[in-house]
Amino acid sequence: MDNQVPLHIAFIMDGNGRWAKKRGLSRNIGHKKGGDTFREIAKYAKDCGVKYVTFFAFSTENWKRPKEEVDALMKLFSEYLDEAESYAKEKTRLIFLGDKSIFAREMAAKMTELEKKSKQFSDFTLSLAVNYGGKDDILQAARRAAKFCRDRDLTPSDIDEKFFSGLLYTSAVPDVDLLIRPGGERRLSNFLLWQSAYAELYFTDILWPDFTKKDLDTAIEYYKGRNRRFGNIEK
Ligand code: IPE
Ligand code: IPE
Ligand code: MG
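Because the structure is a prediction, the values reported are computed rather than measured. Starting from 1, residues in each chain are numbered consecutively following that chain's sequence as written. Chains carry letters from A onward and ligands carry numbers from 1 onward, assigned in written order. Whole-chain, interface and lining totals are the exception, using all residues; otherwise, since this is a predicted model, local features are given only for residues with pLDDT of at least 70 and side-chain atom pairs are given and counted only at 80 or more. Only hydrogens and water are removed before side-chain values are computed, so all heavy atoms of the structure are retained for them.

A. Structural view of the overall build of the chain. Under the DSSP-based scheme used, a helix requires at least four consecutive residues in state H or I and a strand at least two consecutive residues in state E, with every element numbered from the N terminus. Within the chain, the secondary structure is distributed over eight helices and six strands. Moving toward the C terminus, one meets the helices and strands of the chain in the order β-α-α-β-α-α-β-α-β-α-α-β-β-α. When its C-alpha atoms are laid out on the principal axes, the chain stretches across 60 × 50 × 35 Å. When accessible area is computed with a 1.4 Å probe and restricted to protein chains, residues below 20% of their type maximum are described as buried, those above 50% as exposed, and intermediate ones as partly exposed. Counting the 235 residues in the chain, one finds 46% classified as buried. The long-range share in the chain, meaning contacts at least 24 apart out of those at least 6 apart in sequence, stands at 76%. Accessibility throughout is a Shrake-Rupley quantity obtained with a 1.4 Å probe, and a residue counts as covered only by protein chains that appear here. Split by element, the accessible area of the chain, about 12800 Å² in all, is 51% carbon and sulfur. A residue counts as positive if it is Lys or Arg and as negative if it is Asp or Glu; His and the chain ends are not included. In this description, the location of a charge corresponds to atom NZ of lysine, CZ of arginine, CG of aspartate or CD of glutamate. The chain carries 41 positive and 36 negative side-chain charges, and their two centres are separated by 2 Å. In what follows, residue pairs with any heavy atoms lying within 4.5 Å of each other are defined as contacts.

Okay, here's the thing in structure tokens:
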């Protein structure tokens, strides 16, 4: 047993729609409630001594959803960006994972500005994955690596794991230690594919809007009980 608090926890915030449906409410109300849970759990993870948290808010595949739902999700995201200034006061580094080029210029600029302003904070890093896809992440890194080889003094054999990791959207954060997926599904849905190579996986049927601090405690206790061998034999 490693018995340590994970350095990096990643959350797939799933189950908002079902949470709302169960109550006869619109899916968008479920998303709003999920947003409240996100704020509460992010704060609590910091109190627990976790240094990096990453939340999956919108995938490259989620654009397939009805326009009305996508618009509502984007509105919630934009509201979060407006309020996110305050997180600088809380000494939190903010990072946005994913292809920003799809967003309106003003919104993308705001994301970049928040990242720049909060870069100085090293105690706690919150990454929010929006328009993020694990495959897209690996592809954009591969394209940039190819460009390095073409335009600079670099050969394919120079591209090792460390260099490649530095080209991913997550270049500033370590690999995932604990991946938590509420909502009942047992899949990654194109989340941090490279970065979760050795993550401990924790699945629960609890729907994200119902996920509490106590549920995070339970997941961390589960993690502490794991023996992480990374391919080695038990020591
Ligand atoms: C997760 O909740 C939020 C996003 C994917 C944006 P869902 O909207 O997927 O909720 P379910 O899975 O339909 O219940
Ligand atoms: C994963 O949830 C994406 C986010 C939580 C942002 P989905 O609800 O989109 O995943 P699938 O479609 O059930 O795999
Ligand atoms: Mg879902």
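B. A look at the side chain of Glu200. Within the secondary structure, Glu200 sits in strand β6 (residues 200-203). Judged by its relative accessible area of 15%, Glu200 falls in the buried class. Engagement of the side chain of Glu200 in a polar contact is seen with the side chain of Arg228, the distance being 3.4 Å. For the purposes of these results, a polar contact is taken to be a pair of N or O atoms within 3.5 Å, where, inside protein, one atom must be able to donate a hydrogen and its partner to accept one; residues adjacent in sequence count only when each atom of the pair is a side-chain atom.

C. Geometry of the packing of helix α3 (residues 67-83) against helix α5 (residues 105-118). Throughout, an axis means a line fitted to C-alpha atoms (over the contacting stretch in the case of helices), and angles, computed between N-to-C directions, take values from 0 to 180 degrees. Interaxial distance between α3 and α5 falls to 11 Å at its minimum, and their mutual angle equals 40 degrees. As the angle between them shows, α3 and α5 are arranged oblique. The handedness of the crossing between α3 and α5 is left-handed. On α5, the residues touching Met74, Phe77, Ser78, Leu81 and Asp82 of α3 are Met107, Lys110, Met111 and Leu114. Amino acids are sorted into nonpolar (Ala, Val, Leu, Ile, Met, Phe, Trp, Tyr, Cys and Pro), charged (Asp, Glu, Lys and Arg) and polar (every other residue, Gly among them). Grouping the amino acids of the contact of α3 with α5 by side-chain chemistry returns six nonpolar, one polar and two charged. When an angle is under 35 degrees it counts as roughly parallel; over 145 it counts as roughly antiparallel; between 65 and 115 it counts as roughly perpendicular; any other value is oblique. Crossing handedness follows the turn of the near helix against the far one: under a right angle anticlockwise gives a left-handed crossing, and clockwise gives a right-handed one.

D. Geometry of the site of ligand 1. The full set close to ligand 1 counts 13 residues, and Met13, Asp14, Arg18, Arg27 and Arg65 are the nearest of them. The side chain of Arg27 places a nitrogen or oxygen atom 2.9 Å from an oxygen atom of ligand 1. At 2.7 Å from an oxygen atom of ligand 1 is found a side-chain nitrogen or oxygen belonging to Arg65. Starting from 380 Å² of accessible surface for ligand 1 in isolation, the protein chains cover 87%. If you list the elements that add at least two residues to the shell around ligand 1, you get α1 (16-22), α2 (27-47) and α3. A class-by-class count of the residues in the shell around ligand 1 yields three nonpolar, five polar and five charged. Note on terminology: near, applied to a residue and a molecule or strand, indicates that one of the residue's heavy atoms is within 4 Å of it.

E. Examining the packing of aromatic side chains more closely. Between the rings of Phe, Tyr and Trp (Trp by its six-membered ring), a pair exists once the centres lie within 6.5 Å; its type follows the angle of the planes, with under 30 degrees stacked, over 60 edge-to-face, and the other angles tilted. Evaluation of the coordinates by the stated rule reveals 18 aromatic pairs. When the ring of Phe56 is compared with that of Tyr132, the centres are 6.1 Å apart and the planes differ by 85 degrees; the resulting orientation is edge-to-face. Of this pair, Phe56 sits in strand β2 (residues 52-59) while Tyr132 sits in strand β4 (residues 124-132), and the two are 76 residues apart along the sequence. Ring geometry for Phe77 versus Phe96: centroids 6.1 Å apart, planes at 70 degrees, classification edge-to-face. Taken together, the residues Phe77 in helix α3 and Phe96 in strand β3 (residues 92-97) connect sequence positions 19 residues apart. A relative accessible area of 7% means that Phe77 is categorised as buried. Exposure remark for Phe96: the relative accessible area of 3% places this residue in the buried category. Cluster of aromatic residues (ring-pair linked, three or more members): Phe11, Phe38, Phe55, Tyr80, Trp208 and Phe211.

F. Fine view of the side chain of Ser59. With respect to the secondary-structure elements, Ser59 resides in strand β2. Not counting chain neighbours up to four residues away, the residues in contact with Ser59 comprise Asn131 and Tyr132.

G. Expanded view of unusual backbone geometry. Of note in the backbone geometry, Asn190 takes a positive phi value of approximately 65 degrees without being a glycine. In this structure, Asn190 sits in the loop between β5 (178-181) and β6. Even without being glycine, Phe230 reaches a positive phi, approximately 50 degrees. If you trace the backbone, Phe230 turns up in the segment after α8 (213-224).

In short, the description is geometric, and any link to function would need to be established separately.
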